[in-house]
Amino acid sequence: MRAFRLCILALFVSPVACSGDKSSGNSATRDVLTISTPADADALFPPLVQTTQGKQVVDMIFDYLAEPVASIETVGDAGYRGSLARSWTWAADSLSIAFAIDPRARWHDGKPVRASDVKFSYSLYVDTAVASPHADNFIGIDSVSVRDSLTAVVWWKKRNPEQFFQIVYSLAVLPEHLLASEPRATLAQSPYAQHPIGSGRYRFEQWTRQRQLLLVADSGNFRGRPGFNRIVWIIAADPTAASLSVLSGQADVLDQVRGDAFVKARATPTLRTVEYGSLDYAFMQFNFERTLSGARRLFGDRAMRVALASALDRKAMVANALDSLGAVALGPFTRSAVDADTTVRQIPFNAPQAANTLDSLGWKLDTKDSVRKKNGKPLQFELLVPASSATRQKFGVLIQAQLRSIGVKVSVAPVEPGIFAARLQKGDFDAALNMWHLDPSPTAVAGVWGSPRGKYTGANFGHYSNVAFDAIVDSATNAFSADNRRALFQRAYQLIVDDAPAIWLYEPRNFAAVNSRVVTSGMRADAWWAAIPSWHSASGTVAQKP
């Protein structure tokens, strides 16, 4: 799909870089920020955007009511500053928040932003005709009303600790005057969706699919003109081509640089590597419903799961596959996550103990083929791995070797990403090397590891069920005290690590490769791009009007 090749990248950089001071090397001019990416945006209409690339772009074009000052906080409104709203007021019963829209705010067509736009935007996100994949983010909100032209009031059905975060993090505000007459079922195909107009600090200018996407600074924006005159996303053919574009100086930024590209970036005088937090963790997921070898459910036995976990030297595997660019995963969270618990006790690596446990479970080593058997059945299973991930394929091979050393036979099955996802959804796997990107709110852990509700499993593809874990997470979700909430999540994390529904493998360390002329700030774990409007050229000069 992404047939755009590195050799023609310059053809798409030069038209937007024809003015301004030249930077060192081949990089674009000082008033243009060029971002290399291995994938195009999926959409530019916020309620329908599902990819990171699409989110990067819409967050420059559209405003939210408020934004985090630094790292994400999900309880209360501390640590937030006004964005589209200059202030807000909680009702005495905390069932509503009144947001005062900044009267200076304007849409890119010059029309003023009004409170009615907030109400209209909420209605789009929750309308089944629009079919936004983000509609569930607004569960618990009763309605949005308009008190006056500059005051929008958000109402909740009942209090919850994450009310403020829920509305300001999820709702991109859209222009009612441009969208009210559009049929909601076909908004994705509307002219507006192809040429969006927002109130953010950058305006949409051009999108050549699978090649480049261009935004230009909103020079009169009420929040101030951004540091760079233009932003260009260059869509490369693949991750390797994306890395080469920043290494060669044809692009300024690549958000994730790994392996050989990381080493080369560190050795390139015109580049620096910038680390920011990770919300991704990889794990070997057990399928609790899969029947293996007749009526046997291999992974339903906790002792079996713990034995397999203790047979794996995860620290050695991370060092082998990732060197210094990863860390051993601690559980269904990362070190950068809200309410993370880095003290959670792990199942220790102890291969002799693992072998003893398997012996006690009746799985005896057959000296003829060195595979454990019970009632004549071999201890074996298939490990599903996405063929698109070289790192997870490497972990699959390492797991295979380490488990084979104690008599467990693992067949590694690399499959294409679409097939991998489909088999997870259907539950058609024994075990799988999966990776999950965390929602900023720790309460989202219930959607991945909470017990299935009837036929609804959410992202709990292994059908893991633990009512004690469910109860603790539910209590944490409804806790208003930050200390109590943190303690409850710590209990939940310890419980699930002890129960071993998966083997927590690694969390990658995120490093961006950035041209040395670019002064960055505020690269958050949940959105490294959020502070781009405040980035600027090291020259210190103000970008000229386009």
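Notes on the structure follow. Keep in mind that what you see is a predicted model, and the values were worked out from it rather than measured. (Residues numbered from 1 in each chain as written. Predicted model: local features only at pLDDT ≥ 70, side-chain atom pairs only at ≥ 80, totals over all residues. Heavy atoms only, no water.)

## Digging into the sheet that holds strand β1 (residues 32–37)
Pairing between sheet strands relies on hydrogen bonds along the backbone, with the strands arranged either parallel or antiparallel. Here is the rule: Pairing between two strands requires that DSSP report at least two bridges joining them. Counting from the N terminus, the helices are the DSSP runs of H or I reaching at least four residues and the strands are the DSSP runs of E reaching at least two.
Taken in spatial order, the seven strands make up an open sheet running β8-β9-β10-β1-β11-β22-β12, and their pairing is mixed. Edge positions in the open sheet fall to β8 (202–208) and β12 (271–276), since each of these has one partner strand only. With two bridges joining them, β1 and strand β11 (residues 253–254) adopt parallel strand pairing. What sits directly across from S36, in β11, is L254.

## Regarding the packing of aromatic side chains
Heads up, the condition is: Only rings of Phe, Tyr and Trp enter the pairing, Trp through its six-membered ring, and a pair is recorded when the two centres are within 6.5 Å. The plane angle decides the type: under 30 degrees is stacked, over 60 is edge-to-face, the rest tilted. Working definition: with a 1.4 Å probe on protein chains only, accessible area under 20% of the residue-type maximum means buried, over 50% means exposed, and in between means partly exposed.
Across all of its chains, the model carries 21 aromatic pairs by this definition. Measuring from ring centre to ring centre gives 5.2 Å for Y80 and F164, while their planes differ by 75°; the resulting arrangement is edge-to-face. Residue Y80 is located in strand β3 (residues 80–82), and its partner F164 is located in helix α4 (residues 163–170); the two are separated by 84 residues in the primary sequence. Across the pair, F164 and Y80 agree in class, each one buried. Seen in terms of ring centroids, F288 and Y464 are 5.5 Å apart; in terms of plane orientation they differ by 55°. Their pairing is tilted. Taken as a pair, F288 in the loop between β13 (280–286) and α9 (302–310) and Y464 in the loop between α14 (445–449) and α15 (467–477) lie far apart in primary sequence, 176 residues in all. Accessibility classification places F288 together with Y464 in one group, the buried group.

## Examining the pairing of strand β16 (residues 371–374)
Pairing between strand β15 (residues 364–366) and β16: three bridges, direction antiparallel. Opposite K364, over in β16, you have K373 as the bridge partner. Here β15 hands over to β16 after four residues, with S370 in that stretch at a positive phi of 60°. Bridge analysis of β16 against strand β17 (residues 377–378) gives two bridges, and the strand direction is antiparallel. If you follow K374 over to β17, its bridge partner there is K377. Remark: two residues form the turn of the hairpin made by β16 and β17, two consecutive strands paired antiparallel; N375 in that turn has positive phi of roughly 55°.

## Here's the deal with the sheet that holds strand β6 (residues 141–148)
For clarity, the threshold we go by: Lines fitted to C-alpha atoms define the axes here, with helix axes fitted over just the stretch in contact, and angles between the N-to-C directions of these axes take values from 0 to 180 degrees.
Spatially, β4-β5-β7-β6 is the arrangement adopted by the four strands of the open sheet, whose pairing is antiparallel. Two strands in the sheet have a free side with no partner beyond their single neighbour: β4 (85–90) and β6. Neighbour to neighbour, the strand axes of the sheet diverge by 20° on average, direction disregarded. The pairing of β4 with strand β5 (residues 96–101) spans five bridges and is antiparallel.

## Some points on the layout of surface pockets
In plain terms, the rule: Using only the protein atoms, space was sampled on a 1 Å grid; points where a 1.4 Å probe fits but cannot get out form cavities, open sets with protein on both sides within 12 Å along at least five of seven lines form pockets, and lining residues are those with an atom within 4 Å of a point. Grid points are joined across faces, edges and corners, and a volume is the space filled by probe spheres set on the points. Gly falls in the polar group here, along with every residue not listed as nonpolar (Ala, Val, Leu, Ile, Met, Phe, Trp, Tyr, Cys, Pro) or charged (Asp, Glu, Lys, Arg).
By volume, the second largest pocket amounts to about 270 Å³. Forming the boundary of the second largest pocket are 23 residues, of which L279, S336, A337, V338 and P440 lie nearest the centre. For the lining of the second largest pocket, the secondary structure elements donating two or more residues are β20 (431–437) and α14. Each residue belonging to the lining of the second largest pocket can be placed in one class, and the counts come to 16 nonpolar, four polar and three charged.

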